[in-house]
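Structural description and commentary
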Amino acid sequence: KTKGNVMIGYVTIGVSDMEKAKAFYCDLFADRGAKVIIDAGRIAMIGATPKEPMISVCVPYDGNDPQPGNGTMVAFRAESKEEADALYAKAISLGASCEGEPGQRIPDRFYGAYVRDPDGNKMTFYVFG
């Protein structure tokens, strides 16, 4: 039986350059203690600890180019709107592209900032409220 209420263990995204992807995500979340937890060559898990949700980057097993999903997005919780803004700006500075500048999306309910990483994977930094 799993203790606690954490539902997601990790999310895997396909990348074309493992070293570049590991550096991008470790640098992006350095303030949260992110580091490569497991590096198995074609796949690496990045986070603060394996007991918390992680992001996994991998070169696709079938050897084809990675393809971001249509309608697929990874959402990273921010502690505040200011942190969402800061993560957005940091991602852009690390080579991400804008998919929606920081802003209130649903009045008084959802604030988000959207980017695509260098491989085109979409993500958001968000706050409820």
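The paragraphs below set out a description of the structure included in this document.

About the criteria used
Residues numbered from 1 in each chain as written. Predicted model: local features only at pLDDT ≥ 70, side-chain atom pairs only at ≥ 80, totals over all residues. Heavy atoms only, no water. Helix = DSSP H or I, 4+ residues; strand = E, 2+ residues; numbered from the N terminus. Rg over C-alpha atoms; globule rule 2.2 N^0.38 Å. Buried < 20%, exposed > 50% of the residue type's maximum accessible area, 1.4 Å probe, protein only. Lys, Arg positive; Asp, Glu negative; His and termini not counted. Charge placed at Lys NZ, Arg CZ, Asp CG, Glu CD. Pairing = 2+ DSSP bridges. Expected span 1.5 Å × (residues − 1). Contact = heavy atoms within 4.5 Å. Axes fitted to C-alpha atoms, helices over the stretch in contact; angles between N-to-C directions. Polar contact = N/O pair within 3.5 Å; in protein donor to acceptor, adjacent residues only side chain to side chain.

**What to know about the overall build of the chain**
- Summing up its helical and strand segments, the chain has two helices and eight strands in all.
- When the elements of the chain are put in sequence order from the N terminus, they spell out β-α-β-β-β-β-α-β-β-β.
- Taken over the C-alpha trace, the chain has a radius of gyration of 15 Å; the compact-globule value for 129 residues is 14 Å, and the two agree within 12%.
- Projecting the C-alpha coordinates of the chain onto the three principal axes gives extents of approximately 45 × 40 × 25 Å.
- The proportion of buried residues among the 129 residues of the chain is 36%.
- Side-chain charges in the chain split into 15 positive and 17 negative, and the spacing between the mean points of these groups amounts to 8 Å.

**So, the pairing of strand β5 (residues 74–77)**
- The alternating pattern of β5 places V74 and F76 on a buried face, while none of A75 and R77, on the opposite face, is buried.
- Summarising the sheet, β5 and strand β8 (residues 122–128) pair through four bridges and their orientation is parallel. Note that in β8 the partner of F76 across the bridge is F125.

**Quick look at unusual backbone geometry**
- Here the phi dihedral of D108 falls at roughly 60°; this positive angle occurs in a residue that is not glycine.
- Here D108 lies in the loop between β6 (97–106) and β7 (110–116).
- Using a relative accessible area of 69% as the deciding quantity, one classes D108 as exposed.

**What to know about helix α2 (residues 81–93)**
- For α2, built from 13 residues, the straight-helix expectation of 18 Å at 1.5 Å per residue is met to within 8% by its first-to-last C-alpha distance of 18 Å.
- Where α2 is buried, its residues contact α1 (18–28), β6, β7 and β8.
- Where α2 ends, the next residue or the one after it, G95, has phi of about 110°, a positive value.

**What to know about the sheet that holds β8**
- Sheet architecture is open: four strands sit in the order β5-β8-β7-β6, paired in mixed fashion. Bordering the open sheet on either side are β5 and β6, each of which pairs with just one other strand. Averaged over neighbouring strand pairs, the angle between their axes works out to 20° when direction is ignored.
- Here seven bridges tie β7 to β8, and the two strands are oriented antiparallel to one another. Note that in β8 the partner of Y114 across the bridge is T124.
- Docked against the sheet, α2 engages β6, β7 and β8, running at close to 5° with respect to β7.

**Description of the environment of S16**
- In this fold, S16 is placed in the loop between β1 (10–14) and α1.
- Its relative accessible area of 55% is what places S16 among the exposed residues.
- In sequence terms S16 and A40 are 24 residues apart; their C-alpha atoms lie 15 Å from each other.
- S16 has contacts with P66 and D119, leaving out every residue within four places of it along the chain.
- Separated by 2.7 Å, the side chains of S16 and D119 make a polar contact.

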